[in-house]
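One-letter residues, chain by chain:
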Amino acid sequence: MSQSSAATNRFFVWAPDRKDPGTHARRYAVRPQHLTEIQPRIDNGIVQVGGLVVSFDQSEAGKGQKQAEGSMLIIKAETIDEARTLVENDVYYTSGVFIKLSPRNNRMMSTEPQYNYILATRPEPAIALITLNRPKALNALSSPLFEELNAALRDADADDSVSAIVLTGSERAFAAGADIKEMKDIEFADAYKNRFLEDWAKMTRIRKPIIAAVSGYALGGGCELALMCDIILASPTAKFGQPEINLGTIPGGGGSQRLARIVGKSRTMEMVLTGRMISAQEASDWGIVSRVVSEGEGEVVKEAIAVGKMIASKSQISIQAAKEVCNAAYELTLAEGLRFERRIFHGLFATKDQKEGMSAFAQKRMPHFTNQ
């Protein structure tokens, strides 16, 4: 989806069909009405391109018959909300052919931002995959990259169709550190007044779980980035470290503080004072990563997506509540943490998902969560 001028924009819309029984019959029953209603909009240029996306049923029963998958069109409008209203007033939508369009659902309708330093994809319907994409710089974390990363994380967090986020880099480097070329000439006054690196912590306020899939180097800022994620999976090639001491400085993105809470004072001191890199296995033994996955290119991303799919099968409300209480353990005393956990636990009894989950357990069936 793209935008042209500030006054009038062109929005690319992909509106998938529902998959429940009777959808195709409904589509073809109301198609004449749809064509009659949309023709004037085509004539006056509001709808500029339209088309039906079909697939072919290759099963023995289907015998190659065409099946509608959805509609795509380009709509000319001033705002995305205006374009969405046009789609939602169409008979395909009102008759229940189209899947309901979420205001923040990027797969249905969005501005699809174009990034320069990251890639944002959807490998599974409920999983957002963000890939750091500065291969020549070993994914060094520049300010423009972090601006894009924070924007992509914010969009995924607001998208109701996303349940979990996977963050990864390349096979060679998750992220080899902060961008030294950007940092080397900064003066104290600039760093202090402009709150340099403070925006890195924005990702810790994302409510949905973030899974880091780490291959290769995760050094300095790259290690700190991984530590800000909720779950870290590592390939056997992963190497973690805080080598800032070799540059005459110290970690500035939370490395010393988060490591100390995970591995203790002595190991944190060793990593920060010597700059020594540790292997994926050491990181696993020390509790920095959840586990080391099997060897093979792309395996750590595949495993992270699998973990994300498992999370996506649960209630989004309870998942976000669980993340909140686990993170609170780092900030609260034990007594305060237990009280906070109990209050959040009590609060979930006001949700429909709690009723559905416990009813499904009692009835020996799989739950159907609605995230309510």
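Quick note: structure is the one above.
For the structure given in this document, a descriptive report is provided here. Everything numeric in this text was worked out from a predicted model, so none of it was measured.

1. Structural notes on the overall build of the protein chain
Inference 1: Helix and strand content of the protein chain: 14 helices and 13 strands.
Inference 2: Out of the 372 residues in the protein chain, the part that is buried amounts to 40%.
Inference 3: Summarising the internal contacts of the protein chain: among those between residues at least 6 apart in sequence, 65% fall at separations of at least 24.
Inference 4: For the protein chain, the exposed surface amounts to about 20400 Å²; the carbon and sulfur share of it is 54%.

2. Concerning the layout of surface pockets
Inference 1: Quantified by volume, the largest pocket comes out at close to 940 Å³.
Inference 2: As for the largest pocket, its lining consists of 31 residues, of which M228, C229, D230, N327 and Y330 are closest to the centre.
Inference 3: Elements represented by at least two residues in the lining of the largest pocket include exactly β10 (231–234), α8 (255–263) and α12 (316–328).
Inference 4: The leading source of residues in the lining of the largest pocket is α12, at eight residues.
Inference 5: Residue composition of the lining of the largest pocket, by class: 17 nonpolar, six polar and eight charged.

3. Observations concerning the sheet that holds strand β11 (residues 239–241)
Inference 1: Reading across the sheet, the four strands line up as β7-β9-β11-β12 and stay open at both edges, with mixed pairing between neighbours. Each end of this open sheet is capped by a strand with a single partner; those strands are β7 (173–175) and β12 (278–279).
Inference 2: Pairing geometry for β7 and strand β9 (residues 217–219), over two bridges, is parallel. Across the sheet, residue A173 finds its bridge partner in β9, namely Y217.

4. Some remarks on the pattern of salt bridges
Pairing between side chains of opposite charge can happen when the charged atoms of each approach one another.
Inference 1: Applying the stated criterion to the full structure yields eleven salt bridges.
Inference 2: The partner of R291 in a salt bridge is E303, with the nearest N and O atoms 3.0 Å apart. Placement of R291 in strand β13 (residues 291–292) and of E303 in helix α11 (residues 299–312) is noted, with a sequence separation of twelve residues between them.
Inference 3: On the basis of relative accessible area, R291 is assigned to the partly exposed category, the value being 32%.
Inference 4: R365 is the partner of E356 in a salt bridge, and the nearest nitrogen-oxygen pair spans 2.7 Å.
Inference 5: By relative accessible area, R365 is classed as partly exposed at 34%.
Inference 6: One network of salt bridges, in which partners are shared, links E270, R276 and E282.

5. A few points about helix α4 (residues 143–158)
Residues separated by three or four positions in an α-helix point in the same direction, a consequence of the helix having 3.6 residues per turn.
Inference 1: Helix length check: α4, at 16 residues, gives a terminal C-alpha distance of 23 Å against a target of 22 Å (1.5 Å per residue), a fit within 8%.
Inference 2: Where the residues of α4 are buried, they touch β4 (118–124), β5 (127–132), β6 (164–168), β8 (210–214) and α7 (221–227).

6. Concerning the pairing of β8
Regular strands place side chains that alternate from one sheet face to the opposite one.
Inference 1: Along β8, five of the five residues are buried, which leaves the element largely enclosed by surrounding structure.
Inference 2: The two faces of β8 match: I210, A212 and V214 on one face and I211 and A213 on the other face are all buried.
Inference 3: In this structure, β6 lies alongside β8, joined through four bridges in parallel fashion. Bridge pairing links V166 to I211 in β8.
Inference 4: As judged from the four bridges shared by β8 and β10, these two strands associate in the parallel manner. By the bridge assignment, V214 is partnered in β10 with A234.

7. Some thoughts on the nonpolar core
Inference 1: I165, L167, F174, V214, L225, F240 and I288 are the most contacted members of the largest nonpolar core, which totals 44 residues.
Inference 2: Here the element with the most residues in this core is α4; it accounts for six residues.
Inference 3: Among the nonpolar cores identified, the runner-up in size contains 17 residues, and V13, L73, I75 and L86 belong to it.

8. What about the packing of α8 against helix α9 (residues 265–274)?
Packed helices, taken two at a time, are described by the angle between their axes plus the distance between the axes.
Inference 1: Here α8 crosses α9 at 140°, and the two axes come no closer than 7 Å. Taken together, the axes of α8 and α9 are oblique relative to one another. The handedness of the crossing between α8 and α9 comes out as right-handed. On the side of α8, the interface is formed by S256, L259, A260 and V263, while α9 contributes K265, R267, T268 and M271.
Inference 2: Residue composition of the contact of α8 with α9, by class: four nonpolar, two polar and two charged.

9. Side note on the environment of L233
Inference 1: Along the chain, L233 falls in strand β10.
Inference 2: Spatially, the C-alpha atom of L233 lies 6.8 Å from that of A304, the residues being 71 residues apart in sequence.
Inference 3: If near-sequence neighbours (up to four positions away) are discounted, L233 is found in contact with I211, A212, A213, V214, S290, R291, V293, V300, E303, A304 and V307.

10. Regarding the side chain of D90
Inference 1: Structurally, the position occupied by D90 is in the loop between α2 (80–88) and α3 (91–94).
Inference 2: Although D90 lies buried, it forms no salt bridge, and the closest oppositely charged side chain, R41, sits 4.5 Å away as judged by the N-O distance.
Inference 3: One polar contact links D90 to H34, side chain to side chain, over a distance of 2.9 Å.

11. Re the sheet that holds β6
Inference 1: Read across the open sheet, the six strands follow the order β4-β5-β6-β8-β10-β13; overall the sheet is mixed. The open sheet has two edge strands, β4 and β13, and neither has a second partner.
Inference 2: Where β5 meets β6, five bridges bridge the pair, whose relative direction is parallel. Within the sheet, the bridge partner assigned to T131 lies in β6 and is T168.
Inference 3: Sheet strands touched by α4: β4, β5, β6 and β8. Its angle to β5, the strand with the most contacts, is close to 175°.
Inference 4: In the packing of α11 onto the sheet, the strands contacted are β4, β5, β6, β8, β10 and β13, and the crossing angle to β8 comes to about 165°.

What counts and what doesn't
Residues numbered from 1 in each chain as written. Predicted model: local features only at pLDDT ≥ 70, side-chain atom pairs only at ≥ 80, totals over all residues. Heavy atoms only, no water. Helix = DSSP H or I, 4+ residues; strand = E, 2+ residues; numbered from the N terminus. Buried < 20%, exposed > 50% of the residue type's maximum accessible area, 1.4 Å probe, protein only. Contact = heavy atoms within 4.5 Å. Areas by Shrake-Rupley, 256 points an atom, 1.4 Å probe, with all protein chains shown as cover. 1 Å grid on protein atoms, 1.4 Å probe; cavity = no way out; pocket = protein on both sides within 12 Å on 5 of 7 lines; lining within 4 Å. Points joined across faces, edges and corners; volume = space filled by probe spheres on them. Nonpolar A, V, L, I, M, F, W, Y, C, P; charged D, E, K, R; others polar. Pairing = 2+ DSSP bridges. Salt bridge = Lys/Arg side-chain N within 4 Å of Asp/Glu carboxyl O. Expected span 1.5 Å × (residues − 1). Core = buried A, V, L, I, M, F, W, Y, C linked by side-chain atoms within 4.5 Å. Axes fitted to C-alpha atoms, helices over the stretch in contact; angles between N-to-C directions. Parallel < 35°, antiparallel > 145°, perpendicular 65-115°, else oblique. Left-handed = near helix turned anticlockwise from the far one by under 90°. Lys, Arg positive; Asp, Glu negative; His and termini not counted. Polar contact = N/O pair within 3.5 Å; in protein donor to acceptor, adjacent residues only side chain to side chain.

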